[in-house]
Amino acid sequence: MSQRKLKLGIVGAGFVSQVAHIVNFVREPACEVVALAELRPKLARQIAAQHNIPHVYPTHTALLEDPEIEAVVVITPRHLTGPVALDCLRAGKSVMTEKPMAADAAQGKVLVEMARKNHVTLAVGYMRLADAGIQMAKKYLDQWVAPNELGRLIYARAHCFQGEDYCNIDGFVTTGEAIPDLPVAPWPLAPDWIPQEYRHDYARFLSVYCHNISLLRYFLKGHPRVDYAATNRLVVFDFNGVKATLEAGKMDHQGWDETMDLYFERGHMRIIPPPAFQQNMPARVEILRGGAQNVNQVLHSGWSWSFKRQAGQFVDDVLNQRIPINSGEEALIDLMVHEEIWRRSLA
């Protein structure tokens, strides 16, 4: 007997929603996208017709009145993500949002507690965690750590100098419509204690480098201490005695320079994620194993796209009532770490 399909609604039909989310949820076999909410009526009608989405709603609140919908994917501007997601969770719907789910831990805690209260799933769009290469690297890492095959993990390095990650992706629709008045009160993009002159940088740093914070925590586990922070440049963490760094920057170039390095006493793993919108290209994994073997390996997980895998994982997690790898609880810790970075930087 075939598995039942998850009845899904999507809020937001802008560029990112079209090219990374709607297309992948529509194609997910275990999912049926039954509704789309979008403030721009012409855009909503065109996207719904393109993907055979039967119901179109002018707001997310109207969509939430549809009893058929079990889960909602929220892809909105950053200042609306939290309040829209909160309305969905309050209505008893499982939710996946784009990252970050909120601007700070206080906002994030509201979302996590509402999901717990209503016993629904909350996932956050850290699509790197769904990348087949990254999941393969994590599997190898877990196999090595237990038997101490490569010795102690002695250092980790996350490096991200963003260039241009849209990769000339096409297939999206624009209508030139003005966006109507907002249906909810927006949430602040930075906590009150961030000085006004740094609020934009705070929001931008969180939007881009939350991926790298999430990946460091995925591989090293736990809630790190922040030992040093020069925002937009360098952060030094301590993961229970293992030092780790985040090198953050931006360049005016079409390339994308991102790596994750894990150094052991007798080896080294390097993970090279692709630009986010490069389809069917998983992270590349390079392994140097010392000791008696002294072997260099390049591992390939097969052609896949992290956004597509993320859609499938969310649907599967909701249907099977499984805690997501990109859960709201984990994203809440990421927000705590991000705030600690900025407190250290501004001290």
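See the structure printed just above.
Residues numbered from 1 in each chain as written. Predicted model: local features only at pLDDT ≥ 70, side-chain atom pairs only at ≥ 80, totals over all residues. Heavy atoms only, no water.

## A word on the packing of helix α6 (residues 132-145) against helix α7 (residues 199-220)
Two packed helices can be described by the angle between their axes and the distance between those axes.
Reasoning step 1: One way to put it is that α6 packs onto α7 with a least axis distance of 10 Å and a crossing angle of 30°. Accordingly, the angle class assigned to the pair α6 and α7 is roughly parallel. Here Ile134, Gln135, Ala137, Lys138 and Leu141 of α6 lie close against α7, whose contacting residues are Leu215, Tyr218 and Phe219.
Reasoning step 2: A class-by-class count of the residues in the contact of α6 with α7 yields six nonpolar, one polar and one charged. (Axes fitted to C-alpha atoms, helices over the stretch in contact; angles between N-to-C directions. Helix = DSSP H or I, 4+ residues; strand = E, 2+ residues; numbered from the N terminus. Parallel < 35°, antiparallel > 145°, perpendicular 65-115°, else oblique. Contact = heavy atoms within 4.5 Å. Nonpolar A, V, L, I, M, F, W, Y, C, P; charged D, E, K, R; others polar.)

## Side note on the sheet that holds strand β6 (residues 122-125)
Reasoning step 1: Judged by pairing direction, the sheet is parallel, and its six strands sit side by side in the order β3-β2-β1-β4-β5-β6 without closing on themselves. Each end of this open sheet is capped by a strand with a single partner; those strands are β3 (55-57) and β6. Strand-to-strand twist of the sheet, defined as the mean angle between neighbouring strand axes without regard to direction, takes the value 25°.
Reasoning step 2: Of the pairings in the sheet, the one linking strand β1 (residues 6-11) to strand β2 (residues 31-37) comprises six bridges and is parallel in character. Bridge pairing links leucine 6 to cysteine 31 in β2. (Pairing = 2+ DSSP bridges.)

## Re helix α4 (residues 78-90)
Reasoning step 1: The end-to-end C-alpha separation of α4 is 19 Å, in line with the 18 Å expected for 13 residues at 1.5 Å each.
Reasoning step 2: Here α4 lies mainly inside the structure; 10 of its 13 residues are buried.
Reasoning step 3: Within α4, burial applies to Leu80, Thr81, Gly82, Pro83, Val84, Ala85, Leu86, Asp87, Cys88 and Leu89.
Reasoning step 4: Where the residues of α4 are buried, they touch β1, α3 (60-64), β4 (71-74), β5 (94-98), α5 (105-117) and β6.
Reasoning step 5: Of the residues trailing α4, glycine 92 is marked for its positive phi of about 85°. (Expected span 1.5 Å × (residues − 1). Buried < 20%, exposed > 50% of the residue type's maximum accessible area, 1.4 Å probe, protein only.)

## A look at empty space enclosed by the protein
Reasoning step 1: Here the structure, examined in full by the defined rule, presents one cavity of 30 Å³ or more.
Reasoning step 2: In this model, the largest cavity occupies a volume close to 40 Å³.
Reasoning step 3: In terms of lining residues, the largest cavity is bounded by Tyr126, Leu129, Ala130, Gln310, Gln313, Phe314, Asp317, Ile325 and Asn326.
Reasoning step 4: Of the residues belonging to the lining of the largest cavity, the class tally is five nonpolar, three polar and one charged. (1 Å grid on protein atoms, 1.4 Å probe; cavity = no way out; pocket = protein on both sides within 12 Å on 5 of 7 lines; lining within 4 Å. Points joined across faces, edges and corners; volume = space filled by probe spheres on them.)

## Here we look at the pairing of strand β13 (residues 284-289)
Reasoning step 1: Because side chains alternate across β13, one face comprises the buried residues Val285, Ile287 and Arg289, and the other comprises Arg284, Glu286 and Leu288, none of which is buried.
Reasoning step 2: As judged from the six bridges shared by strand β12 (residues 267-272) and β13, these two strands associate in the antiparallel manner. Each residue of the ladder has a partner; that of glycine 267, found in β13, is arginine 289.
Reasoning step 3: Pairing geometry for β13 and strand β14 (residues 295-299), over five bridges, is antiparallel. Looking across to β14, one finds that arginine 289 is bridged to valine 295.
Reasoning step 4: Between β13 and β14, which pair antiparallel and follow one another directly, the connecting turn spans five residues, one of which, glycine 291, has a positive phi of 70°.

## Some thoughts on the pattern of salt bridges
Reasoning step 1: This model, assessed by the stated rule, comprises 23 salt bridges.
Reasoning step 2: One salt bridge in this structure joins aspartate 142 and lysine 138, with 3.0 Å as the shortest N-O distance. One end of the pair, aspartate 142, and the other, lysine 138, are both in helix α6, four residues apart, so they sit about a helical turn from each other.
Reasoning step 3: The closest approach of N and O atoms between arginine 225 and aspartate 227, which form a salt bridge, is 2.6 Å.
Reasoning step 4: Salt bridges sharing partners connect three or more residues here, namely Arg157, Glu247, Asp261 and Arg270. (Salt bridge = Lys/Arg side-chain N within 4 Å of Asp/Glu carboxyl O.)

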